[in-house]
Amino acid sequence: MDNKKLSIRPVLNLGSKSVDEDFQNRTLRPILKLQHSIILHVFAHFSNKQKTDIAGLTLEKLDSYVRTTTKKNTVLRNQLLGLIIGQFTDDEFETYILNDSEFNKRILTMIGQRITDSHQNKN
């Protein structure tokens, strides 16, 4: 099963200087790219349920909304993290749990950046 998961990920050629950065570049970034459209759909669905028109927000307000929402709303936060963690191989999960708090911060930061970049590219 692990080989199948790895085979569907995009290949990114990024250098890294530390173990955490290596995990981010070899595992997290390809998974985020793979899951990009579903991340956007999950966030848009959440925003619609909250009656927030994210299409009408300026880039600065959207960035603030994304950061605040992913920090304070544990349901959304856990859904977004689950989209990424669910794609880990067994070995990747073992690496993840060694420093899960740091990796969660990195994942949520990268997700937020993807959401705001996608919004910016639409306009």
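Residues numbered from 1 in each chain as written. Predicted model: local features only at pLDDT ≥ 70, side-chain atom pairs only at ≥ 80, totals over all residues. Heavy atoms only, no water.

Draft legend 1. Up close: the side chain of Gln24. Inspection of the secondary structure puts Gln24 in helix H2 (residues 19-34). The contacts of Gln24, once residues within four sequence positions are left out, are Arg29, Pro30, Arg106 and Met110. (Helix = DSSP H or I, 4+ residues; strand = E, 2+ residues; numbered from the N terminus. Contact = heavy atoms within 4.5 Å.)

Draft legend 2. Looking closely at unusual backbone geometry. The phi torsion at Lys51 lies on the positive side, around 60°, for a residue other than glycine. With respect to the secondary-structure elements, Lys51 resides in the loop between helix H3 (36-49) and helix H4 (59-72). Classification of Lys51 by relative accessible area gives exposed; the value is 76%. (Buried < 20%, exposed > 50% of the residue type's maximum accessible area, 1.4 Å probe, protein only.)

Draft legend 3. Inspection of the packing of H3 against H4 at higher detail. It is at 12 Å that the axes of H3 and H4 come closest, and there the two elements cross at 90°. Overall, the two elements H3 and H4 adopt an arrangement that is roughly perpendicular. When H3 is examined against H4, the residues Phe43, Phe46 and Ser47 are found in contact with a partner set consisting of Tyr65, Val66 and Thr69. When grouped by side-chain class, the residues that make up the contact of H3 with H4 number four nonpolar, two polar and no charged. (Axes fitted to C-alpha atoms, helices over the stretch in contact; angles between N-to-C directions. Parallel < 35°, antiparallel > 145°, perpendicular 65-115°, else oblique. Nonpolar A, V, L, I, M, F, W, Y, C, P; charged D, E, K, R; others polar.)

Draft legend 4. Layout of the nonpolar core. Counting residues in hydrophobic clusters, the biggest one holds 25 residues, and the most contacted among them are Leu28, Ile39, Leu80, Ile84 and Ile111. Looking at this core, the elements with two or more residues in it are H2, H3, H4, helix H5 (74-85) and helix H7 (100-122). Here this core takes six residues from H7, the largest share from any one element. Not counting the four nearest positions on each side in its chain, Leu80 is found in contact with Ile39, Val42, Thr70, Leu108 and Ile111. (Core = buried A, V, L, I, M, F, W, Y, C linked by side-chain atoms within 4.5 Å.)

Draft legend 5. Inspection of H2 at higher detail. An ideal rise of 1.5 Å per residue puts 22 Å on 16 residues; H2 measures up with 22 Å between its terminal C-alpha atoms. When we look at burial in H2, the residues that qualify are Phe23, Gln24, Asn25, Thr27, Leu28, Pro30, Ile31 and Leu32. (Expected span 1.5 Å × (residues − 1).)

Draft legend 6. Representation of the confidence of the model for the protein in the model. For the protein, per-residue confidence averages 91 on the pLDDT scale, and residues scoring 70 or more make up 97% of the total. Mean pLDDT per element in the protein: helix H1 (residues 2-8) is the minimum at 79, and H5 is the maximum at 97. (pLDDT = per-residue confidence, 0-100.)

Draft legend 7. Broad picture of the packing of aromatic side chains. All told, the structure shown has six aromatic pairs when counted by the stated rule. Aromatic side chains Phe43 and Tyr65 sit 5.8 Å apart centroid to centroid with 70° between the ring planes, which places their arrangement in the edge-to-face category. Pair noted here: Phe43 is in helix H3 and Tyr65 is in helix H4, with a separation of 22 residues, a long-range link. Neither Phe43 nor Tyr65 differs from the other in exposure class; each is buried. Taken together, a centroid distance of 5.8 Å and an interplanar angle of 35° make the contact between Phe93 and Tyr96 tilted. Placement of both Phe93 and Tyr96 in helix H6 (residues 90-98) is noted, with a separation of three residues, approximately one turn of the helix. An aromatic cluster is built from Phe23, Phe88, Phe93, Tyr96 and Phe103, whose rings are joined through pairwise contacts. (Phe/Tyr/Trp six-rings, centres within 6.5 Å; stacked < 30°, edge-to-face > 60°.)

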